[in-house]
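One letter stands for each residue in the lines below.
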Amino acid sequence: MTTTTTTGDSVKAPVADAGRGASALRAQRRRKFGITLLGWGVALIIFFPIFWMIVTGFKTEAEAIADPSLIFTPTLESYVEVQERADYLKFAWNSVVVSFGSTLLALLIAVPSAYAMAFLPTKRTKGTLLWMLSTKMLPSVGVLVPIYLLFRDFGLLDTRIGLTIVYTLMNLPIVVWMLYTFFKDLPREILEAGRMDGASTFQEVWYLLLPLTLPGIASTGLLSVILSWNEAFWSLNLTTSQAAPLTAYIASFSSPEGLFWAKLSAASTMAIAPILIFGWLTQKQMVRGLTFGAVK
Amino acid sequence: MATLTLNQVVKSFGDTHVIKGVDLEVKDQEFVVFVGPSGCGKSTLLRMIAGLESTSDGDIVIDGQRVNDLGPAERGLAMVFQSYALYPHMTVEDNMGFSLKLAEVSQQERRQKVLDAAKILQLEPLLERKPKALSGGQRQRVAIGRAIVRNPSIFLFDEPLSNLDAALRVQMRIELARLHEELKATMIYVTHDQIEAMTMADKIVVLQGGVVEQVGSPMELYHHPRNRFVAGFIGSPKMNFLKVEAVAGDAQGVEVRVPGGDTVKVPVEGDEVAQGQALELGIRPEHLMLDDQGPLKASVSVIERLGGQTSLYVEMDGDLLTLMVDGDVTHRVGDEIRFGFEPGRAHLFGEQGLALASLERHPLASLTRQDNRAASTAEA
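Conventions used here
Residues numbered from 1 in each chain as written. Chains lettered and ligands numbered in written order. Predicted model: local features only at pLDDT ≥ 70, side-chain atom pairs only at ≥ 80, totals over all residues. Heavy atoms only, no water. UniProt positions renumbered as here; feature names shortened; annotations may be inferred. Helix = DSSP H or I, 4+ residues; strand = E, 2+ residues; numbered from the N terminus. Salt bridge = Lys/Arg side-chain N within 4 Å of Asp/Glu carboxyl O. Buried < 20%, exposed > 50% of the residue type's maximum accessible area, 1.4 Å probe, protein only. 1 Å grid on protein atoms, 1.4 Å probe; cavity = no way out; pocket = protein on both sides within 12 Å on 5 of 7 lines; lining within 4 Å. Points joined across faces, edges and corners; volume = space filled by probe spheres on them. Domains from an automatic or database assignment. Contact = heavy atoms within 4.5 Å. Buried area = accessible area lost by both parts, 1.4 Å probe. Polar contact = N/O pair within 3.5 Å; in protein donor to acceptor, adjacent residues only side chain to side chain. Nonpolar A, V, L, I, M, F, W, Y, C, P; charged D, E, K, R; others polar.

- Under an unreviewed UniProt entry, the name given to chain B is ABC transporter, and the organism recorded is Halomonas litopenaei.

- Named according to an unreviewed UniProt entry, chain A is Carbohydrate ABC transporter permease originating from Halomonas sp. RT37.
- Quoted straight from UniProt, the Subcellular location (unreviewed entry) entry for chain A says "Cell membrane".

Set out below in structure tokens:
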């Protein structure tokens, strides 16, 4: 708000009053500098724990518990030990299968649901959407016992399929919501034109809706992958070894060996590395998709 | 060959009736325009014909077949949308050929048909472009081209020119009229612009509040409006209305007292008119004439000079009347003017705004665009 006022003043300033205009310009520049500084500050605070974790992973255990210092000789010792204790690749593969699998499944269910809600709404559509979102407000632990019992009875404990199902259900409300908003932004008339041209509902979705909302669908998918990848509560409670993803891998180092900071850091670094690189590669797509409707 | 019949067509959303029993006959190769103020149901009616909206009651019949339960594509119609609704991710060629692709027409045949349509609309150089890279007028032509490619029995247009600027609109209007001649197709066109309706239609359907107010040729609507609404809606500037009192009425006409005390005998059926009955006198601005002996007197409050013509706005009993007069009049604001009109040009509206029927039918009242053409070929 204040920024616009300043700009307004400097624009309005008559030529004779150049001094005042220049000072307004200076004030604006100062403010911009301040905001930049603040932005960097916040970014550094957010990034610092990750940075510290990566650094600690390259220390020896002794250095890791000693006074915090950035001066040390980097070593891969912890990484070697971590790899000896648990097969990183097995956990990573589970993470990949479960997060991408659940995302695919969620999209398969959400695309038709969001289509129906966006283009064939009924009186209860808004209510349904809100109800779906409200399930996200429930603490997961509240349904732990029923889910656990169901999983036990259906033989889904410690299976990738089981975890995929839970993640799908977990992300489905968000995925439907996001797709719904992206679909809603598409002019109805384009689909109607398709219908006039003889498109069946499936052809309408396949030839028109999906290609036109691809940026939105992609960012929804990316978000779903990231949320599944980082999920820890269900993976810790429903898996033990066979289907355990990377979150369980980190946890396996933290409980018995909570004091071995270097090894824990090394394991954590390895666990977050894939998703960090994935997020970095796709960040353009993410931002574009997430601001898809907002900046038209 | 394509005819359309609407038989007591109704559209309701719950208890709200948007279309309240519309009857209509559209003949083969006719250019029919639905016109009315926004919210009158004209677009809904078009969408019902297209099959994009369901029909609550009544029958929609195309070429003798009831199509109520058929999907939009099965009705064999094509529609041009107000926003053009081009597929943004496809080239012009793919946009135009999409319906053929869905119908599994071979690529070669598809290309040929698209090229044929592109030729009619001069779109050949643009076939590889995406809609984003086209101007408004070009997009409009692509949307029409997409309709032509389908070779529909009836073309439907939903306010297709309202997103174009004024000059382009006139040009597209002419182009559409030319296209109608060339394709010899039945066309139904929705607009809120009465000039588009007057210039393009063989038959105008005036709608208000989901009800057909009048159906007729442009000249019929202009010269013989059925009621006050149609009289005010058709014609630009709007018709003037004056509150008058009937002095006497018989088979030769109705004598009314106009503001200022004079009486005028208007040649309309007056058998039913009682003495002292309140009526409304309607006269179009172009039919009011400056006349020093005229029965009406008022002072000029606004002058708009268009060059060839000048609009004088005068205040009379609190109503603003418009006179379209010669461009060279020298009047100024505040001048007292006297004016009159030919009684034969005036309209009288009785109860509920219904017009009293004219004794004589205007010679051009049944003229259609086809007649215009016949006349011009005869002259040549």
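Let us keep going from here.
1. A few points about the UniProt feature "domain: ABC transporter" (unreviewed entry) in chain B
Moving on, step 1. On the UniProt side, "domain: ABC transporter" (unreviewed entry) is annotated at positions that read residues 4–234 of chain B here.
Moving on, step 2. The annotated region residues 4–234 of chain B carries 37% helix and 26% strand content, and the separation between its end C-alpha atoms amounts to 25 Å.

2. Quick word on the pattern of salt bridges
Pairs can form between side chains of opposite charge whenever their charged atoms are close.
Moving on, step 1. A full pass over the atoms with the stated rule returns 19 salt bridges over all chains.
Moving on, step 2. A salt bridge links E81 of chain A to K263 of chain A; the shortest N-O distance between them is 2.8 Å. On the criterion of sequence distance, the pair formed by E81 of chain A in helix α4 (residues 77–85) and K263 of chain A in helix α14 (residues 261–281) is long-range, its members being 182 residues apart.
Moving on, step 3. Here K263 of chain A falls in the buried class, since its relative accessible area comes to 9%.
Moving on, step 4. Across the pair E109 of chain B and K113 of chain B runs a salt bridge, and its minimum N-O distance is 3.6 Å. Note that E109 of chain B and K113 of chain B are positioned in helix α3 (residues 107–120) at a spacing of 4 residues, about one turn of the helix.
Moving on, step 5. Using a relative accessible area of 39% as the deciding quantity, one classes E109 of chain B as partly exposed.
Moving on, step 6. Classification of K113 of chain B by relative accessible area gives partly exposed; the value is 34%.
Moving on, step 7. Taken together, the salt bridges that share partners define one network made up of R188 and E192 of chain A together with K11, R47 and E53 of chain B.

3. Thoughts on empty space enclosed by the protein
Moving on, step 1. Inspection of the entire model under this criterion finds 1 cavity of 30 Å³ or more.
Moving on, step 2. Space inside the largest cavity adds up to approximately 60 Å³.
Moving on, step 3. Lining the largest cavity are A193, M196 and D197 of chain A together with A78, M79, F81, A143, R146, A147 and R150 of chain B.
Moving on, step 4. Where the lining of the largest cavity is concerned, the elements lending two or more residues are α9 (188–196) of chain A together with β6 (77–80) and α4 (136–149) of chain B.
Moving on, step 5. Here the lining of the largest cavity takes 3 residues from α4 of chain B, the largest share from any one element.

4. Comments concerning the domain arrangement of chain A
All names here are of chain A.
Moving on, step 1. Segmenting chain A into domains produces domain 1 (2–57) and domain 2 (78–290).
Moving on, step 2. Each side of the interface is counted separately: domain 1 has 5 residues, and domain 2 has 9 residues.
Moving on, step 3. In total, about 530 Å² of surface goes out of reach between domain 1 and domain 2, with carbon and sulfur atoms giving 74% of it.
Moving on, step 4. Counting the surface domain 1 buries against domain 2, the share from its top three residues, M53, T56 and G57, is 76%.
Moving on, step 5. Remark: the boundary between domain 1 and domain 2 carries 0 salt bridges.
Moving on, step 6. There are 0 residue pairs in polar contact (both at pLDDT 80 or more) connecting domain 1 and domain 2.
Moving on, step 7. Looking at the side of domain 1 that touches domain 2, its residues break down into 3 nonpolar, 2 polar and no charged.

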